Amino acid sequence: MSRKIEDNLFKWLTTLLALAIVLLSTGILLMLTHSSGLSFKEFGLGFLGSSEWDPVRKVFGALPFVWGTFVSATLALLIALPISIGIAVFLSELSPLWVRKPVSLAIELLSAIPSVIYGLWGLFVLAPIMQLHIEPFLGRHLGFLPFFKGYPLGVGMLTGSVIISIMIIPTISSISREVLSSVPGHQKEAGMALGMTRWEVIWKVMLPYGRVGIVGATLLGYGRALGETMAIAMVIGNTPKLSVSLFDPAYTISSVIANEFVEAVEPLHISSLVELGLILFFITFLLNAIARFLLTRMKRFEGVRI
Amino acid sequence: MSNLRYRKRKLTQDVMFISSYVSAVIGISLLFLILGYVFYKGVRGINLDFFLRLPTPVGVSGGGMSNALIGSLYLIGFASLFSIPIGILIGVYLSEFGRGAFASLVRFLTETLAGLPAIVAGIFAYTVIVIPMRKFSALAGSFALSILMLPIIVKSTEELLKMVPRDLREASLALGIPKWKTIVKVVLSTAKSGILTGIILAVARAGGEAAPLLFTALGNSYMNLYPHEPMASLPVQLYVYAVSPYEDWHQKAWASALVLVGIVLIASVTARSYASKRR
């Protein structure tokens, strides 16, 4: 065989396999759409607005799960974002060199711990602490707000959010750190020359310079938070109801799929669960796409592992 | 007046720097709190039986998790069989031939697949394999895991191949070695250890996943080695034990957590130190 043919064969082989990525992505979209057809036909767009979920009566609505997913992920982001930026600032500006490596490693290892282990720890360690100390404290001092009314149960929206926030801290902080370290030295020096304090350089020069990248990191963290399953299924209480109080148990898209998929035998039930999965797929796909777009806009970022 | 303003600015700086230190301390202490607690609770449950024996029913003490340990290895092994060779070759495509619109599309989709929630991979495996086979199976579980591993391997392979110097390729081509052989024998083998790092990280991630296995590989209280039968895995069994009401099972959950976290952390630390040594 001539080498030209060999080379072309090899090129075609790898190209064909690369096509598998495209097929896989479209396959996921098509299969999920196909399998949720039954539920879509039955409930239409009302699926999103209905808060009833009753497998016995075969009535299914997505609202409590969509609500739970967004509230828990958004709250998790509110907790994780300042801490992550703090870590990023510490690692890129404040820490002595010998501290930098072990601290980055420790924080990145947080992301290697499997989700079920966060759930186990959350269920047996965090939930009792929340129930006995943190939630009563919040209730006493901020109980006039609707978010902190009600009986402290330990398992619920707030505990779920705290667990997810721990899980997304490594994602946001490691990318933000890369962004901050990519700020050119002359920008910082210019700030110093204008008489800024070191903090003002960070706040008024570095953070605005890295804005796009930090927003990308945040969206990526938000996507993770929305898709998180095992940890949240173990601590959020798994009750499909809409409540403003963060102490109350809630439910998320991913945890209802995890809990009910095996037991679902009714085709409409399965189809409704798949439709929930499709909604989750769309949202996370969109967030990832935007995050990726923002992060690649920062040219220096080519090598960063997202 | 200006002195007062300066003091205010200085104070802001101190407050913000302290909060930044505090954030870093929170991050590290969380790691130690979680690992320390898992170790403290889990170490009592680790003995030879844990690794060698099958689970016992509720109320019967003793027994182990051998079915879940073997099951996890099996599922990961099967998933690797698909995802490693395919992932590496796609990485080769992207770094060696990947220019133009199609390559950008593949790159984009790889990135977004990397962010795919594990549970969605599970649903996909369910609709593609469990429904047609009318049965939960190890095969479906492995398929779900391989979807999660693939993007990690593709991305790390592409990045590492791009780091291989051009001179090496040119030298090999100049010797009259065909391009495909140059890629396989020279480029891939130069980047071998780095690619291995990516593989270890992918395996570590998939090894800890429970969500996509809940309704694909399901679980099994017995030892099973058939790909078309349900199979136990460490993360799933951990979950089932953790949410059960039995104290004895909780103990087993902690012991499994210790084993799982030990394997995953050793793998990621090895992979990372390997990667940083190379740079």
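Residues numbered from 1 in each chain as written. Chains lettered and ligands numbered in written order. Predicted model: local features only at pLDDT ≥ 70, side-chain atom pairs only at ≥ 80, totals over all residues. Heavy atoms only, no water.

**Notes on the overall build of chain B**
And then number 1: Helices and strands together make up the secondary structure of chain B, namely eleven helices and zero strands.
And then number 2: Along chain B, helices (α) and strands (β) appear in the sequence α-α-α-α-α-α-α-α-α-α-α when read from the amino end.
And then number 3: A compact globule built from 279 residues should have a C-alpha radius of gyration of about 19 Å, whereas chain B, at 24 Å, is more than 25% larger.
And then number 4: Dimensions along the principal axes, computed over C-alpha positions, put chain B at roughly 75 × 70 × 35 Å.
And then number 5: Taking the contacts inside chain B whose residues are at least 6 apart along the sequence as the reference set, 74% of them involve residues at least 24 apart.
And then number 6: As displayed, chain B offers around 12,600 Å² of accessible surface, 69% of which is attributable to carbon and sulfur atoms.
And then number 7: Placing the 26 positive and 12 negative side-chain charges of chain B at their respective mean positions leaves the two points 6 Å apart. (Helix = DSSP H or I, 4+ residues; strand = E, 2+ residues; numbered from the N terminus. Rg over C-alpha atoms; globule rule 2.2 N^0.38 Å. Contact = heavy atoms within 4.5 Å. Areas by Shrake-Rupley, 256 points an atom, 1.4 Å probe, with all protein chains shown as cover. Lys, Arg positive; Asp, Glu negative; His and termini not counted. Charge placed at Lys NZ, Arg CZ, Asp CG, Glu CD.)

**Examining the packing of helix H6 (residues 115-142) of chain A against helix H1 (residues 2-42) of chain B**
For any two helices packed against each other, the geometry is given by the interaxial angle and the distance between the axes.
And then number 1: Across the interface, H6 of chain A lies against H1 of chain B with an axial gap of 11 Å and an inter-helix angle of 80°. Overall, the two elements H6 of chain A and H1 of chain B adopt an arrangement that is roughly perpendicular. Together, Ile117, Tyr118, Trp121 and Val125 of chain A of H6 of chain A and Leu33, Ile34, Tyr37 and Val38 of chain B of H1 of chain B make up the contact between the two elements.
And then number 2: Each residue belonging to the contact of H6 of chain A with H1 of chain B can be placed in one class, and the counts come to eight nonpolar, no polar and no charged. (Axes fitted to C-alpha atoms, helices over the stretch in contact; angles between N-to-C directions. Parallel < 35°, antiparallel > 145°, perpendicular 65-115°, else oblique. Nonpolar A, V, L, I, M, F, W, Y, C, P; charged D, E, K, R; others polar.)

**What about the packing of aromatic side chains?**
And then number 1: A full pass over the atoms with the stated rule returns 27 aromatic pairs over all chains.
And then number 2: Ring plane angle 40° and centroid distance 6.3 Å describe the contact between Phe10 of chain A and Trp180 of chain B, whose orientation is recorded as tilted. With one member in each of two chains, Phe10 of chain A in helix H1 (residues 3-35) and Trp180 of chain B in helix H8 (residues 179-190) form a pair that bridges those chains.
And then number 3: Here the aromatic cluster, defined as three or more aromatic residues joined through ring pairs, consists of Phe43, Phe47, Trp53, Phe60, Phe65 and Tyr251 of chain A.
And then number 4: Positioned above the aromatic ring of Tyr40 of chain B is the side chain of Arg44 of chain B, whose terminal nitrogen or guanidinium carbon lies 5.4 Å from the ring centre. (Phe/Tyr/Trp six-rings, centres within 6.5 Å; stacked < 30°, edge-to-face > 60°. Lys NZ or Arg CZ within 6 Å of the ring centre and 35° of its normal.)

**Focus on the interface of chain B and chain A**
Often, the extent of an interface is quoted as the loss of accessible area upon association of its parts.
And then number 1: If you look at the interface, chain B gives 82 residues, while chain A gives 78 residues.
And then number 2: Roughly 7,400 Å² is buried in total at the junction of chain B and chain A, and carbon and sulfur atoms are behind 79% of that figure.
And then number 3: With its nearest N and O atoms 2.8 Å apart, the salt bridge here joins Glu200 of chain A to Arg9 of chain B.
And then number 4: Between chain B and chain A we count 14 residue pairs in polar contact (both at pLDDT 80 or more) in total. (Buried area = accessible area lost by both parts, 1.4 Å probe. Salt bridge = Lys/Arg side-chain N within 4 Å of Asp/Glu carboxyl O. Polar contact = N/O pair within 3.5 Å; in protein donor to acceptor, adjacent residues only side chain to side chain.)

**With respect to the side chain of Glu200 of chain A**
And then number 1: On the secondary structure map, Glu200 of chain A appears in helix H9 (residues 198-209).
And then number 2: Within polar-contact distance, the side chain of Glu200 of chain A engages the side chain of Arg9 of chain B at 2.8 Å.
And then number 3: Contact partners of Glu200 of chain A, with chain neighbours within four places excluded, come to Gly195 and Val205 of chain A together with Arg9 of chain B.

**Re helix H10 (residues 211-227) of chain A**
And then number 1: Helix length check: H10 of chain A, at 17 residues, gives a terminal C-alpha distance of 24 Å against a target of 24 Å (1.5 Å per residue), a fit within 8%.
And then number 2: Buried residues dominate H10 of chain A, accounting for 13 of its 17 residues. (Expected span 1.5 Å × (residues − 1). Buried < 20%, exposed > 50% of the residue type's maximum accessible area, 1.4 Å probe, protein only.)

**Re the nonpolar core**
And then number 1: If you look at the biggest cluster of nonpolar residues, it comprises 186 residues, and the most contacted ones within it are Ile257 and Leu276 of chain A.
And then number 2: The element best represented in this core is helix H4 (residues 63-94) of chain A, accounting for 15 residues.
And then number 3: Not counting chain neighbours up to four residues away, the residues in contact with Ile257 of chain A comprise Leu273, Leu276 and Gly277 of chain A together with Ile119, Ile123 and Phe215 of chain B. (Core = buried A, V, L, I, M, F, W, Y, C linked by side-chain atoms within 4.5 Å.)

**Considerations on helix H3 (residues 66-97) of chain B**
And then number 1: Between the first and last C-alpha of H3 of chain B there are 45 Å, a value that for 32 residues agrees with the 46 Å anticipated at 1.5 Å per step.
And then number 2: Within H3 of chain B, 23 of the 32 residues are buried, which leaves the element mostly enclosed by the surrounding structure.

**So, the environment of Leu145 of chain B**
Residues and elements named next belong to chain B.
And then number 1: Examined against the element boundaries, Leu145 turns out to sit in helix H6 (residues 138-163).
And then number 2: Separated by 65 residues in the primary sequence, Leu145 and Ala210 have C-alpha atoms spaced 9.8 Å apart.
And then number 3: Apart from the residues lying within four places of it in its own chain, the contact partners of Leu145 are Leu75, Ile76, Ala79, Ala206, Glu209, Pro212 and Leu213.

**Thoughts on the pattern of salt bridges**
And then number 1: Applying the stated criterion across every chain yields a total of 16 salt bridges over all chains.
And then number 2: Here Arg57 of chain A ties to Glu52 of chain A by a salt bridge, and the two come within 2.9 Å at their closest N and O atoms.
And then number 3: When the shortest N-O distance is used, the salt bridge between Arg205 of chain B and Glu209 of chain B registers 3.6 Å.
And then number 4: The structure contains a network of salt bridges with shared partners spanning Glu52, Asp54 and Arg57 of chain A.

**Here's the deal with the confidence of the model for chain B**
Keep in mind that low pLDDT regions are not for reading the predicted coordinates in detail.
And then number 1: Per-residue pLDDT for chain B averages 91, and the proportion of residues at 70 or more is 99%.
And then number 2: The ipTM assigned to the predicted complex is 0.93, against a pTM of 0.93. (pLDDT = per-residue confidence, 0-100.)

**Describing unusual backbone geometry**
If a residue is not glycine, its phi is most likely negative; likewise, a peptide bond is most likely trans.
Residue and element names in this part refer to chain A.
And then number 1: If you check the backbone angles, Lys58 has positive phi at about 60° while not being a glycine.
And then number 2: Residue classification places Lys58 among the partly exposed residues on the basis of a relative accessible area of 40%.
And then number 3: In this structure, Asn238 is a non-glycine residue whose phi angle is positive, near 50°.
And then number 4: Tracing the sequence through the fold places Asn238 in the loop between helix H11 (230-235) and helix H12 (253-260).

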